[in-house]
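Chain by chain, the residues run as shown.
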Amino acid sequence: MTSIKFVKENKEAIVANGANLREKILENGIDLYTFKGKLMNCGGYGQCGTCVVEIVEGLENLSPRTEFENSKLKKKPENYRLACQTIVNGAISVKTKP
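What counts and what doesn't
- Residues numbered from 1 in each chain as written.
- Predicted model: local features only at pLDDT ≥ 70, side-chain atom pairs only at ≥ 80, totals over all residues.
- Heavy atoms only, no water.
- UniProt positions renumbered as here; feature names shortened; annotations may be inferred.
- Core = buried A, V, L, I, M, F, W, Y, C linked by side-chain atoms within 4.5 Å.
- Buried < 20%, exposed > 50% of the residue type's maximum accessible area, 1.4 Å probe, protein only.
- Helix = DSSP H or I, 4+ residues; strand = E, 2+ residues; numbered from the N terminus.
- Salt bridge = Lys/Arg side-chain N within 4 Å of Asp/Glu carboxyl O.
- Pairing = 2+ DSSP bridges.
- Axes fitted to C-alpha atoms, helices over the stretch in contact; angles between N-to-C directions.

The protein appears in an unreviewed UniProt entry as Ferredoxin from Crinalium epipsammum PCC 9333. As stated in UniProt under Sequence similarities (unreviewed entry), the record for the protein gives "Belongs to the adrenodoxin/putidaredoxin family." Quoted verbatim from the Cofactor (unreviewed entry) heading of the UniProt record, the comment on the protein is "[2Fe-2S] cluster".

Below, the structure written as C-alpha cells:
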C-alpha cells in the first residue's frame, strides 16, 4: 500500500501499489477535468490528453511515460503526466488541473 496526496484539495488517499492514477483520483471524488475535459475526455483510454496532472513529489515512484504521453506532453515539463497512463508504485503528491 502507498499514498497519493492531492495538493490543491488537501486530501490523501491510501492505494495499492500498481494502481492507475486516474481511477484513484476519480474514486476519491477529486475533480480531474477542466470544463473542456469534462465534455471531451476519452474515459481513460489515453486518446484525448485531458487528464494532465503535475507530480509535485515522488516522480520516481511512477511508471515511465508512455509514447502517447511523450507525444501529448512534449511541450510540458517532465513532471507532467496523463493520469490515465500513470501507474502508482509508491508515495506521490499530485496537483490536478495544473
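Visitor: Can you walk me through the nonpolar core in this structure?
Guide: Soluble globular proteins: nonpolar side chains tend toward being buried together. Within the largest apolar cluster, 23 residues are counted, with the highest numbers of intra-cluster contacts made by Ile4, Leu21, Ile25 and Val53. Counting residues per element, the ones that place at least two in this core are strand 1 (2-6), strand 2 (11-15), helix 1 (21-27), strand 4 (52-57), strand 5 (80-82) and strand 7 (92-96).

Visitor: Quick question: what am I supposed to make of the pattern of salt bridges here?
Guide: Pairing is possible between side chains that carry opposite charge, provided their charged atoms lie close to one another. Summed over all chains, the structure comprises four salt bridges. Here Asp31 ties to Lys38 by a salt bridge, and the two come within 3.2 Å at their closest N and O atoms.

Visitor: Teacher, can you tell me more about unusual backbone geometry here?
Guide: Note on backbone geometry: most residues besides glycine have negative phi, and most peptide bonds are trans. A positive phi angle, close to 55°, is found at Asn10, a residue other than glycine. By the element assignment, Asn10 lies in the loop between strand 1 and strand 2. A relative accessible area of 74% means that Asn10 is categorised as exposed. The phi torsion at Lys97 lies on the positive side, around 45°, for a residue other than glycine. The topology assignment puts Lys97 in the segment after strand 7.

Visitor: Looking at this structure, I do not really get the sheet that holds strand 1. What am I missing?
Guide: The strand order across the open sheet formed by five strands is 2-1-7-4-5, and the pairing between neighbours is mixed. What marks the edges here is a single partner per strand, and that holds for strand 2 and strand 5. In this sheet, adjacent strand axes meet at a mean angle of 35° when their direction is disregarded. In this structure, strand 1 lies alongside strand 7, joined through three bridges in parallel fashion.

Visitor: Can you help me understand the pairing of strand 1 in this one?
Guide: Walk down a regular strand and you will see the side chains alternate between the two sheet faces. Within strand 1, four of the five residues are buried, which leaves it mostly tucked inside the rest of the structure. Alignment of strand 1 against strand 2, held across five bridges, turns out to be antiparallel. For Ser3, the partnering residue across the bridge sits in strand 2 and is Ile14. Taken together, strand 1 and the strand that follows it, strand 2, pair antiparallel across an intervening segment of four residues, in which Asn10 is found at a positive phi of about 55°.

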